Amino acid sequence: MDELVKLVSEKTGLPEEKARQATDTVINYLEENLPDPIAGQIDKALSGGGVDVEGLAKGLGGMLGKK
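### A short note on the overall build of the protein
Okay, so step 1: Across its full length, the protein carries four helices and zero strands.
Okay, so step 2: If you list the helices and strands of the protein from N to C, you get α-α-α-α.
Okay, so step 3: Classification of the 67 residues of the protein by burial places 18% in the buried group.
Okay, so step 4: Considering only contacts within the protein whose residues lie at least 6 apart along the sequence, 13% involve residues at least 24 apart.
Okay, so step 5: When the accessible surface of the protein is summed, it comes to about 5000 Å², and 56% of that surface belongs to carbon and sulfur atoms.

Below, the structure is given as structure tokens:
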């Protein structure tokens, strides 16, 4: 997540503390409002675990009404 905070800080000119606060706010919003399989992918990607493409596809299929 530090990499994302740094990117936000660089792109917006915000100090690191404010960039971290903004990043946390967006991540929390996404985790609360996206389907669980997709929200789980956010945690995985931010922890450096990569993205489970199959799990992501299943989550997106659920959003599109497919199984």
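### A closer look at a nonpolar patch on the surface
Okay, so step 1: Taken together, the side chains of Met1, Leu4 and Leu7 make up a nonpolar region of the molecular surface, amounting to roughly 210 Å² of accessible area.
Okay, so step 2: Along the polypeptide, Leu4 turns up in helix α1 (residues 2-12).

### Some details on the packing of helix α2 (residues 16-33) against helix α3 (residues 36-46)
Okay, so step 1: Relative orientation of the contacting elements α2 and α3 amounts to 145°, with a least axis distance of 7 Å. Facing Ile27, Leu30 and Glu31 of α2, the residues of α3 in contact are Ala39, Ile42, Asp43 and Leu46.

### Some words on α3
Okay, so step 1: Those residues of α3 that fall on the buried side of the exposure criterion are Ile38, Ala39, Gln41 and Ile42. Buried residues along α3 cover an arc of 150° about the axis, so they all sit on one side.
Okay, so step 2: The first or second residue beyond α3 is Gly48, which carries a positive phi of 85°.

### So, the packing of α1 against α2
Okay, so step 1: Orientation of α1 relative to α2, taken along the N-to-C sense of each, is 115°, at an axis distance of 8 Å. Viewed along their axes, α1 and α2 form a crossing whose handedness is right-handed. When α1 is examined against α2, the residues Asp2, Leu4, Val5, Val8 and Ser9 are found in contact with a partner set consisting of Glu16, Ala19, Arg20, Thr23 and Ile27.
Okay, so step 2: Along the lines of polarity and charge, the residues of the contact of α1 with α2 split into five nonpolar, two polar and three charged.

Procedures and definitions
- Residues numbered from 1 in each chain as written.
- Predicted model: local features only at pLDDT ≥ 70, side-chain atom pairs only at ≥ 80, totals over all residues.
- Heavy atoms only, no water.
- Helix = DSSP H or I, 4+ residues; strand = E, 2+ residues; numbered from the N terminus.
- Buried < 20%, exposed > 50% of the residue type's maximum accessible area, 1.4 Å probe, protein only.
- Contact = heavy atoms within 4.5 Å.
- Areas by Shrake-Rupley, 256 points an atom, 1.4 Å probe, with all protein chains shown as cover.
- Patch = residues over 30% accessible without salt bridge, like charges linked within 9 Å, V, L, I, M, F, W, Y side chains within 5 Å.
- Salt bridge = Lys/Arg side-chain N within 4 Å of Asp/Glu carboxyl O.
- Axes fitted to C-alpha atoms, helices over the stretch in contact; angles between N-to-C directions.
- Arc of directions from axis to C-beta.
- Left-handed = near helix turned anticlockwise from the far one by under 90°.
- Nonpolar A, V, L, I, M, F, W, Y, C, P; charged D, E, K, R; others polar.

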